[in-house]
Amino acid sequence: MEENSPDKAFRDMKVLKQSQSIIVSGESGAGKTESTKYILRYLCESWGTGAGPIEQRILEANPVLEAFGNAKTTRNNNSSRFGKFIEIHFSDKCAVVGGHISHYLLEKSRICLQSPEERNYHIFYQLCAGAPDSIRNKLKLGNPDEFQYLKNGCTRYFASSATDTNVPADRKSRAHRQKGPLKDPLLEDGRDFATTDKALHHLGIKEEDRFAIYSAVAAVLHLGNIIFEERPDDSRGGSQVAASSEPTVKLVSALLGLDPDDLKHALVSRVMQATKGGVKGTVIMVPLKVYEASNARDALAKAIYSRLFDYIVNRINKSIPFQSSSYYIGVLDIAGFEYFTVNSFEQFCINYCNEKLQQFFNERLLREEQHLYEKEGLGVSKIPYVDNQDCIDLIEYKNTGIFTLLDEESKLPKPSHTHFTSVVHGQHSSHFRLDLPRKSKLRDHREIRDDEGFMIRHFAGAVCYQTAKFIEKNNDALHGSLEGLILESENKFIRSLFGNGGDTGPKGKLTFISVGNKFKTQLSELMEKLRSTGTNFIRCIKPNIKMVDHQFEGGIILSQLQCSGMTSVLQLMQEGFPSRAPFSDLYAMYKQYLPPQLARLDPRMFCKALFKALGLNDNDFKFGLTKVFFRPGKFAEFDQIMKSDPENLKILVAKVKFWLIKSRWRKVMWGALSVIKRKCQRLLPD
Ligand SMILES: Nc1ncnc2c1ncn2[C@@H]1O[C@H](COP(=O)(O)OP(=O)(O)OP(=O)(O)O)[C@@H](O)[C@H]1O
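Please read these numbers as outputs of a predicted model, since none were measured by experiment.

Caption draft 1: Representation of empty space enclosed by the protein in the model. Taken as a whole and assessed by the stated rule, the structure comprises one cavity of 30 Å³ or more. Every residue along the wall of the largest cavity is listed here: Leu616, Asp620, Phe621, Phe630, Lys634, Glu637 and Phe638. For the lining of the largest cavity, the leading source of residues is helix α28 (residues 634–642), giving three residues. Taken together, the residues that form the lining of the largest cavity break down as four nonpolar, no polar and three charged.

Rendered as structure tokens:
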């Protein structure tokens, strides 16, 4: 991490009177979130009123966001599974006045299923391990083995050897009892519940609402335990809730404020409005097969949890309000480029986002820089970089982009991922960025059928996407019966989670709400914001994949630098002039150090005189039309000389004067010589 980025952003905001953004990027586990926390702490503690209530709340937001939005993955014990843009707002005096958080793409699939070494969101384990008995008993929480939504992943808690004994044995899973706790210096589920609870309290969330939040989390867990079986009397393959799940249905209904029979009914059937035959608009109930009912249950769990996450972010925002602000510094912490053996809709969205951010990075650091060199006539040779606009168009273009094709497929009466995939290939058969999976260099990917996936050549490498779940994951709508049911919940809190979401639309009417489209819109708003601010980039580099300290693996570090475009930037910095200042700024900065007869010079002459007098090496700087440009590190050297002790300054002034006299003398000499030369030419016979 560049050491002074937040400080630079703050100084730029103050001097240039312009809002700033800091884009923190890097792959999972590289340190984006930790860096973001340092930045926020630095800004709040340096420029807040000694971390007063507002600043404190901005900082308190972190444990809450992490509890509900972070999870253990194979690459990071505390991986943020959502993106965020945190704005710290400042008054015209540059003091912190408030903040705002926007969040993007919470990973929903994790709520219902995790791979064996990974976990669900931390809050589930915090509740099971650390909530007091009074809460756990009311919410009927046991150990992670008791829940379908936890038991397929890693069920161990985080704790140290010393603190592991604080958690009673009956709260621990079998794997935990056998293998002991997971270890991480920053995480401890038993203790972290209290931290989350305290942070929620500090954000102004009362005990009653905190309990409502925990009840919603518990409802999600119990919901996952409802299982379905085929109805023996139904020839159409309909399903019913298994008898063994009856108590769970009762419990979930109580937690969600629903009638158990209504819940059962809504889970195993779907309302449809007839569009033909009979009376148009007649509502008919379609029975769901076992796998469809299970999907409906999972969709409900994901909807509750993601709405809960929206609610929590909203509450955080309410706790850090600001009436008016003059500027802000926004910090973007969003997942970096991802590629796995199986890549689905989540990777597609995040890689699309990274294409946009990379384009922005190229624009700001490579294109604009080189354009400036050209405009100022510096004659620096061109550094090539790849323009990825074609890849962005392939994904987001209005009529034929992959997002649009996916939305169109979803609106068909019988959407199918194979049809969608074929349309993508058909539409872009000769696109350089798109190819069939069998063209992949990886064997696993070559085995994907032509109509089940596509490969995109991203700026950071080719990725094969499997389209099997694209249609389902791109749809945020609950099916009609569930939506209608939940909107009529007797639990005010649950109703409020769903009630005023602009996304839901009229009750039970919408069958499709596009996730891709929402993300595209959010991202374009974010890009607009970034473009209107001064930008600072922090590139986090992961030193090794083992999650251990002080171990640097050259190969993986180099590939991260290449993927993020850093090698091109470094080349540009090496051959270019990364620091620069307009003549007038330098003049204004240093004239106070120099005597009046020098301060009277025009800014360009002043700078020339200064540089010559200092005896700076001609290779270390270049004079453009309006600015002077410095080689890396040379501006700092120059600044140090200028601000050094008075004795040194006296010598310097004498040198400047001497240079000026010499150059004026030379000018006069040249003038006189030219006159003499011309006169001589006239006097001499042809
Ligand atoms: N500056 C740091 N000092 C000490 N440890 C750090 C630092 N930055 C990161 N780490 C360690 O690396 C882990 C991963 O960092 P972090 O969660 O910030 O990664 P990330 O890039 O945000 O990953 P993800 O995209 O998965 O959220 C941290 O939990 C911590 O153990």
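Caption draft 2: Representation of the packing of aromatic side chains. This structure, assessed with the given rule, holds 29 aromatic pairs. Ring geometry for tyrosine 373 versus phenylalanine 577: centroids 6.4 Å apart, planes at 80°, classification edge-to-face. Note that tyrosine 373 is positioned in helix α14 (residues 345–375) and phenylalanine 577 in the loop between α24 (566–575) and β15 (579–582), a separation of 204 residues in sequence. Judged by relative accessible area, tyrosine 373 falls into the buried class, the value being 5%. With a centroid separation of 5.0 Å and 85° between ring planes, the pair formed by tyrosine 587 and phenylalanine 606 is classed as edge-to-face. Here the residue tyrosine 587 occupies a position in helix α25 (residues 583–590), and phenylalanine 606 occupies one in helix α27 (residues 603–614), the gap between them amounting to 19 residues. On the accessibility criterion, tyrosine 587 (18% relative accessible area) is buried. By relative accessible area, phenylalanine 606 is classed as buried at 1%. Positioned above the aromatic ring of phenylalanine 623 is the side chain of lysine 608, whose terminal nitrogen or guanidinium carbon lies 5.4 Å from the ring centre.

Caption draft 3: Spatial organisation of the pairing of strand β12 (residues 453–458). Of all six residues that make up β12, five are buried, and the element is covered over most of its length. In the sheet, strand β11 (residues 434–435) pairs with β12 via two bridges, with the strands oriented antiparallel. From the neighbouring strand, leucine 434 faces β12, where its bridge partner is isoleucine 456. Note: β12 against strand β13 (residues 461–466), six bridges, orientation antiparallel. Bridged to methionine 455 within β13 is cysteine 464. In sequence, β12 turns back onto β13 through a hairpin of two residues.

Caption draft 4: Molecular detail of the pattern of salt bridges. Per the stated rule, a full pass over the model turns up 35 salt bridges. Arginine 315 is the salt-bridge partner of aspartate 209, the closest N and O atoms lying 3.4 Å from each other. Taken together, the residues span a long stretch of sequence, with aspartate 209 in helix α10 (residues 207–223) and arginine 315 in helix α13 (residues 290–319) at a distance of 106 residues. By relative accessible area, which is 24% here, aspartate 209 ends up partly exposed.

Caption draft 5: Molecular detail of the sheet that holds β11. Judged by pairing direction, the sheet is antiparallel, and its three strands sit side by side in the order β11-β12-β13 without closing on themselves. The open sheet has two edge strands with one neighbour each: β11 and β13. Relative to β12, helix α17 (residues 417–427) is tilted by about 45°, and along the sheet it contacts β11 and β12.

Caption draft 6: How the structure looks around the packing of helix α12 (residues 260–268) against α13. Between α12 and α13, the least distance of the axes is 8 Å, while the angle of their chain directions is 115°. Counting all contacts with α12, which are made through Leu263, Leu267 and Val268, the residues of α13 involved are Ala293, Ala296, Arg297 and Leu300. Per-class residue counts for the contact of α12 with α13 are six nonpolar, no polar and one charged.

Caption draft 7: Here's a closer look at the UniProt feature "binding site: ATP" (unreviewed entry) in the chain. In this numbering, the UniProt entry assigns the feature "binding site: ATP" (unreviewed entry) to Gly26, Glu27, Ser28, Gly29, Ala30, Gly31, Lys32 and Thr33. If you trace the backbone, glutamate 27 turns up in the loop between β1 (20–25) and α2 (32–47). Looking at glutamate 27, the relative accessible area reads 32%, which means it is partly exposed. In this view, glutamate 27 contacts Lys32, Lys542 and Gln560; residues no more than four positions away in its chain are not counted. For lysine 32, the position within the fold is in helix α2. Looking at lysine 32, the relative accessible area reads 9%, which means it is buried. In contact with lysine 32, not counting residues within four places along its chain, are Val24, Ser25, Gly26, Glu27, Asp333, Ile334, Ala335, Gly336 and Cys540. A distance of 2.9 Å separates a polar side-chain atom of lysine 32 from the backbone oxygen of glycine 26.

Reading guide: rules and limits
- Residues numbered from 1 in each chain as written.
- Predicted model: local features only at pLDDT ≥ 70, side-chain atom pairs only at ≥ 80, totals over all residues.
- Heavy atoms only, no water.
- 1 Å grid on protein atoms, 1.4 Å probe; cavity = no way out; pocket = protein on both sides within 12 Å on 5 of 7 lines; lining within 4 Å.
- Points joined across faces, edges and corners; volume = space filled by probe spheres on them.
- Helix = DSSP H or I, 4+ residues; strand = E, 2+ residues; numbered from the N terminus.
- Nonpolar A, V, L, I, M, F, W, Y, C, P; charged D, E, K, R; others polar.
- Phe/Tyr/Trp six-rings, centres within 6.5 Å; stacked < 30°, edge-to-face > 60°.
- Buried < 20%, exposed > 50% of the residue type's maximum accessible area, 1.4 Å probe, protein only.
- Lys NZ or Arg CZ within 6 Å of the ring centre and 35° of its normal.
- Pairing = 2+ DSSP bridges.
- Salt bridge = Lys/Arg side-chain N within 4 Å of Asp/Glu carboxyl O.
- Contact = heavy atoms within 4.5 Å.
- Axes fitted to C-alpha atoms, helices over the stretch in contact; angles between N-to-C directions.
- UniProt positions renumbered as here; feature names shortened; annotations may be inferred.
- Polar contact = N/O pair within 3.5 Å; in protein donor to acceptor, adjacent residues only side chain to side chain.

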